[in-house]
Amino acid sequence: MRLDKLLCECGKASRSEAGKLIRGGKVLVNNQVIKKPDFKVNELTDTITLNGVAVEYKRFTYIMLNKPEGYVSATDDPTEKTVLELVSEEDRRKGLFPCGRLDKNTLGLVILTNDGDGAHFVLSPKHHVKKVYRFRCLSPLSKESVCRLEGGVDIGGYFTKPCTIKMENELCGEITLTEGKYHQIKRMLEAVDNKITYLERISFGDIVLDPSLERGQWRYLTENEEKIFIRGKK
Ligand code: URA
């Protein structure tokens, strides 16, 4: 891989900044100053430093974010705040995108990654990755409505796949989906003449929203949590 590309992928600099740093003699490869941005390095075996600090190469980045209200699940938006604005500048440079979307007013677990194939794998309905949401609705949800929702309802020309619902009381509960259509839960509740007033995603496959993260905070996934994406590469 080119040296300037590696610095970019590690979030150390933009492509043009990387070129300047390299030409300025700030980058060493195996203890030798390299001044050519297109110098080829082996990212797995070469030792690279920038300003004397080791540059750790990691092919993909995976971040767990506790999304607050008011942010859109997009990489950029002309008018709205995006979930990418909540992570560090260094991580943003790595080309992260949200793995699946939450609505602007939905809270909770969003995964940000630059692993396109992994994201494609976990989001494919074929792989039945379970997503759990805590919800509150406007009117009491009858047992009959719960049964209808679990069996699948028409949300405007699309019949939802079976899902499971555990009610805590007649207004609040948890719904587990294996698919993710636009505004799916809101439209499902509308199909039984109700309305969502609170929605929070609390898990995505085996990845559970870390209770120590305040709204707006994030952390990297652990190696164990990352496995859901790695499976997509086998
Ligand atoms: N279903 C919705 O209606 N909204 C979300 O943000 C996620 C699932």
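Residues numbered from 1 in each chain as written. Predicted model: local features only at pLDDT ≥ 70, side-chain atom pairs only at ≥ 80, totals over all residues. Heavy atoms only, no water.

This part covers the domain arrangement of the chain. Partitioning the chain into structural domains gives domain 1 (3–54), domain 2 (62–125 + 209–230) and domain 3 (130–204). A separation of 27 Å is found between the C-alpha centroids of domain 1 and domain 2. (Domains from an automatic or database assignment.)

Bringing the state of the cysteines into the picture now. Cysteine pairs can be covalently joined through their sulfur atoms, and such a bond is termed a disulfide. In the structure shown here, the tally under the stated rule is zero disulfides. The closest cysteine sulfur to the non-disulfide-bonded cysteine 10 is located on cysteine 8, 9.3 Å from its own sulfur. Left unpaired, cysteine 147 is separated from the closest cysteine sulfur, that of cysteine 163, by 11 Å. Residue classification places cysteine 147 among the exposed residues on the basis of a relative accessible area of 53%. (Disulfide = S-S within 2.5 Å. Buried < 20%, exposed > 50% of the residue type's maximum accessible area, 1.4 Å probe, protein only.)

On to the site of the ligand, then. Near the ligand, the surroundings consist of Leu102, Asp103, Thr106, Tyr133, His183, Gln184, Ile185, Lys186 and Leu199. In the environment of the ligand, an oxygen atom lies 2.8 Å from a nitrogen or oxygen atom belonging to the side chain of threonine 106. Here an oxygen atom of the ligand and a backbone polar atom of glutamine 184 are 3.4 Å apart. For the ligand, the protein covers 96% of the area, taking 240 Å² as the surface of the free molecule. A molecule is said to occupy a pocket when more than half its atoms come within 2 Å of that pocket's grid points, and by this definition the ligand occupies the largest pocket. No other element matches the three residues that helix α6 (residues 184–191) contributes to the shell around the ligand. Residue composition of the shell around the ligand, by class: four nonpolar, three polar and two charged. Both of domain 2 (62–125 + 209–230) and domain 3 (130–204) provide at least three residues apiece to the shell around the ligand. (Near = heavy atom within 4 Å. Polar contact = N/O pair within 3.5 Å; in protein donor to acceptor, adjacent residues only side chain to side chain. Areas by Shrake-Rupley, 256 points an atom, 1.4 Å probe, with all protein chains shown as cover. 1 Å grid on protein atoms, 1.4 Å probe; cavity = no way out; pocket = protein on both sides within 12 Å on 5 of 7 lines; lining within 4 Å. Sits in = over half its atoms within 2 Å of the grid points. Helix = DSSP H or I, 4+ residues; strand = E, 2+ residues; numbered from the N terminus. Nonpolar A, V, L, I, M, F, W, Y, C, P; charged D, E, K, R; others polar.)

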